[in-house]
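# Architecture at a glance
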Amino acid sequence: MAQIQERGSTHVYKVNKISKEEMEQMVARCVYEHPPFCSAACPLKLDTRAFLEAAAAGNFKKALQLYEKIAPFPLVLAMGCEAPCEGKCRLCEIGEGVAIRAVEEAVTRFGQAQKLGGVFRTKKKKTAAIFGSGLFPLFLAGEIEKKAYPLTVFCEEADLESFLRRGTGFLDETAFELEYRRLKAKDIRFVFGCTLTRDFMEERRASFDVLCASHELTSALYPEAACIPELMYCEAEKLVSGPAAGILDAAFGAKKAALTVDRLAQNLDPRNTRGQEGPVESQLYTDLSGAGALTRVPMYGAGYTEEEAIREAGRCIRCQCEECLKSCAYLAHYKKHPGLLSKEIYNNTQIIMGDHQLNKPMNSCALCGQCTVVCPNGFDMARVCHEARRNMVSTDKMPLAPHEFALLDMLFSNGDAFLARPQPGYGKCRYVFFPGCQAAAIAPETVRAAYLDLCERLPGGVALMLGCCGAICDWAGRTELQEQTKEFLGRELSKLGDPVVIAGCPMCKKELASHEGLQLVGIWDLLLEIGLPVGGRGLARPAALHDSCGARGDEKTQAAIREIAKRLGCTLTDTEFSGDRSPCCGYGGLAAYANREVARELTEKCLERSDAPYISYCMACRDRFARQSRESRHILELVYGTDAGAPPDISEKRFNRLTLKNELLRELWQEEPREMNLDYTLNYTDEARRIMDERMILTDDVIAVLDCVRKTGECIQDEDGLLVARRRVGNATFWVKFTREGDGSYLVHRAWSHRMTVVKREG
Amino acid sequence: MAEKNYYTIDPGGKLRCMKCGVKLEKGKAKFLYLDNGFPVELPVCPVCGFVYVPEELALGKVASVERALEDK
């Protein structure tokens, strides 16, 4: 019996398949985390998307909290901001952009401010002083106070009101009153009526750790001072100051200056570790198709009312790139954008000791390539997961359990169920029909009909090869096994005279295309060339065509299938997920073996497009749709007038392959196959059949257990009188609960398995 | 010091070894997987040493420990 070696030590280190740099480049393709264009344009980095979302929901309190993060005096900023965000709103491309500034003003006016004051906050030890008045000193005072430095402001004005009036003449009285209360509540010490001279300032240098000044004062009192605008700092004079043109610039200047103050207070170079400051470029992709109102809510007074602001904020389309998450059930399942998931999966491969928590997500991707098509930047999640699997296998860290059943099934296809014979009467052949393992497992009669048809109508002889193309081990990341499969198939093809391979499955065609010098053609292309056989018929009802992920990017194949369906009289409906955008049925990438839940969601994603019957051209798709109780037909079933009927279970799939091989050997090549016949009768309860399929337990495994009982007599009887026996087969122990019937037959009631070995312990 | 067992099942005289014709008893056994071992107490035949792993145990605890070790 074929067996695969369980991995050995868990501590084997080898090289990476994807370099860190390559991975970073890959991750950079995902723009999910890029800011929306409005936020990117804002030097103060307002989270505009969240702000407008809160405002649209009428939650002005939350919106104001977000705004207060960037502006210590929100009304001053909101009423005077030049709003570079508005010009960058994507709605400008198809209509009027959101009136962000007007919404900000309404929010700051009507929103409930956070609890004013901060007297109970622990103050820092280092102190700062600001000289002068105007917008920059005002904003800077707010920023420094927020950072909890004890702050003193020296100004020429006689009182707080006059100080606030400087530069804020555009505020109406209500707004002024609100900001006055805000300023008053701040924990800032003011010294009014000062005569600000250079001596006055220098005399106070000893009392404070950092000195700041308005640009006007610095220009007048320190004419030689050279300001570094990025830092808002005059290095020689040790004075935090700099020019500001306009309100937004003053606010941004104050942000930069406050950071400089912070660094200086800690005796650090103000140049270092400042992070990214100011506006940035964004490459975010935005789908504008869902945009609603394209014109601004009209403003009847000086500003929006609450209700108007809510409506205007509601026009924001919340720019966010979720193209892949909308299309792919796998990414949607993990609720992670591919940039993040890729990083996590890559890091998972780097773990030497500890848990590989991302093994399951890594093995759940269908490797179908749909994300690469729907992503505006062509993000290739399949490559990330595929390379990660190869990496895990090469470093001996890949668990065998998720893929073992599929790999053993492949070994079965290329072992007991394998068949390679030239057409009777021919030594070497011009063609070989390669229907694919799933076709023989699911629709053996269709394979037989297709082969006989090809033999009859193609010149030069058509050989038959029943086996697996190697996609299974490729998906599992088992490169060594993939190479062995390639060599094996190569040898068998060579024996047949290296014929042109007629692939019955687009996935096989794709996999076999990696064989050097192999001539390949899809059966669909050939059928169009020689004409469809007599007797084929399409479906009476309109049907949805499901494109195979094996044919992604292969327009010729996609078109050929549509042409065949048309000639058969089918009426096809295409949807937005047709062609290259088609999702995987859940079989691809061995997702169905590693994560049934994700695989089921993938299947449902395919089926949610249409209520019509589905026509596919990959037998695995046909099978998965039928298992979800959808009327599902493979195009070759329609071409040859066959009907594979209800989907077979895992044991029937093996049985079908073996039976097809044996029947054809007898009928066409007059060879008597070696068949293993049981010398006892074995039956299963319906429940046993169901759980065996669910638990991936084959009838062969049950037979192995019963053979063992019959030979050794080793079994126990449970409290219900049922017999229980077990046997280790490969890497698993199989248990069967059964009864011996009066006629000598066996009836299987339940079956289960585990991978651990269990032994009696002494002492 | 008391010996640590990860899991204990007492057959309570309800299970019978058909080969040896005796009742299974609570006995010492161990699970082994990927270089790890876990001492347990399971129904064991005192004569032939047949260790019984019930369905609930195989699908429950054993399966979850297998998953955890596979991802090490």
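Anyway, here's the lowdown on the structure attached to this text.

Here is what the cut-offs are and how they apply
Residues numbered from 1 in each chain as written. Chains lettered and ligands numbered in written order. Predicted model: local features only at pLDDT ≥ 70, side-chain atom pairs only at ≥ 80, totals over all residues. Heavy atoms only, no water. Pairing = 2+ DSSP bridges. Helix = DSSP H or I, 4+ residues; strand = E, 2+ residues; numbered from the N terminus. Contact = heavy atoms within 4.5 Å. Buried < 20%, exposed > 50% of the residue type's maximum accessible area, 1.4 Å probe, protein only. Lys, Arg positive; Asp, Glu negative; His and termini not counted. Salt bridge = Lys/Arg side-chain N within 4 Å of Asp/Glu carboxyl O. 1 Å grid on protein atoms, 1.4 Å probe; cavity = no way out; pocket = protein on both sides within 12 Å on 5 of 7 lines; lining within 4 Å. Points joined across faces, edges and corners; volume = space filled by probe spheres on them. Nonpolar A, V, L, I, M, F, W, Y, C, P; charged D, E, K, R; others polar. Domains from an automatic or database assignment. Axes fitted to C-alpha atoms, helices over the stretch in contact; angles between N-to-C directions. Parallel < 35°, antiparallel > 145°, perpendicular 65-115°, else oblique. Left-handed = near helix turned anticlockwise from the far one by under 90°. Core = buried A, V, L, I, M, F, W, Y, C linked by side-chain atoms within 4.5 Å.

All right, on to the sheet that holds strand β16 (residues 632-634) of chain A then. Residues and elements named next belong to chain A. What the four strands build is an open sheet, ordered β14-β13-β15-β16; its pairing is parallel. Strand pairing shows two members of the sheet lacking a second neighbour, β14 (572-573) and β16, which therefore form its edges. When strand β13 (residues 543-546) meets β14, the two strands line up parallel, connected through two bridges. Within β14, the residue paired with Ala-543 across the bridge is Leu-572.

Right, let's talk about the side chain of Asn-414 of chain A for a bit. Tracing the sequence through the fold places Asn-414 of chain A in the loop between α21 (401-413) and β8 (419-421). When near neighbours in sequence (up to four residues on either side) are disregarded, Asn-414 of chain A contacts Gly-467, Cys-468, Thr-485 and Phe-488 of chain A.

Residue and element names in this part refer to chain A. Within the fold, Arg-478 resides in the loop between α24 (471-475) and α25 (479-495). Salt bridges are absent for the buried Arg-478, whose nearest opposite-charge side chain, Asp-396, sits at 6.5 Å. Beyond its immediate stretch of four places on either side in the chain, Arg-478 contacts Val-393, Met-398, Pro-399, Leu-400, Leu-407 and Cys-473.

Residue and element names in this part refer to chain A. Quantified by volume, the second largest pocket comes out at close to 590 Å³. Those elements that place two or more of their residues in the lining of the second largest pocket are α21, α29 (591-594), α30 (596-607), α31 (619-627), α33 (650-669) and α34 (686-694). The class makeup of the residues in the lining of the second largest pocket is eight nonpolar, three polar and eleven charged. A domain-level breakdown of the lining of the second largest pocket finds at least three residues from each of domain 3 (402-660) and domain 4 (682-754).

In this section: the pattern of salt bridges. Residues and elements named next belong to chain A. In this structure the tally under the stated criterion is 67 salt bridges over all chains. Among the salt bridges present, the one from Arg-271 reaches Glu-235, with a minimum N-O distance of 2.8 Å. Here the residue Arg-271 occupies a position in the loop between α13 (247-265) and α14 (306-313), and Glu-235 occupies one in the loop between β6 (233-234) and β7 (239-240), the gap between them amounting to 36 residues. Judged by relative accessible area, Arg-271 falls into the partly exposed class, the value being 40%. According to the relative accessible area criterion, Glu-235 is partly exposed, its value standing at 36%. The salt bridge partner of Arg-627 is Asp-623, with a shortest N-O separation of 3.5 Å. Taken as a pair, Arg-627 and Asp-623 lie in helix α31 at a separation of four residues, close to a single helical turn. Overall, the relative accessible area of 38% leaves Arg-627 in the partly exposed class.

On to the packing of helix α7 (residues 100-110) of chain A against α14 of chain A, then. Residues and elements named next belong to chain A. One way to put it is that α7 packs onto α14 with a least axis distance of 9 Å and a crossing angle of 135°. With respect to each other, α7 and α14 are oriented oblique. α7 and α14 meet at a crossing whose hand is left-handed. In this structure, α7 uses Val-103, Ala-106 and Phe-110 to contact α14, whose residues at the interface are Glu-306, Ala-309, Glu-312 and Ala-313.

Residues and elements named next belong to chain A. Core analysis: the largest hydrophobic core is formed by 79 residues, its most contacted members being Tyr-330, Ile-345, Met-381 and Met-465. Broken down by element, this core gets its largest block of residues, seven residues, from helix α20 (residues 381-394). Counting residues domain by domain, this core receives three or more from each of domain 1 (20-32 + 322-399) and domain 3 (402-660). Discounting residues that sit within four places of it in the chain, Ile-345 has contacts with Tyr-330, Leu-358, Pro-361, Met-362, Met-381, Val-384, Cys-385 and Ala-388.

Let us now look at the pairing of strand β4 (residues 36-44) of chain B. Put simply, side chains in a regular strand alternate between the two faces of the sheet. All names here are of chain B. Here strand β3 (residues 25-33) runs beside β4; their pairing, made up of nine bridges, is antiparallel. From the neighbouring strand, Lys-26 faces β4, where its bridge partner is Pro-43. Between β3 and β4, which pair antiparallel in sequence order, lie two residues; one of them, Leu-34, sits at a positive phi of approximately 45°.

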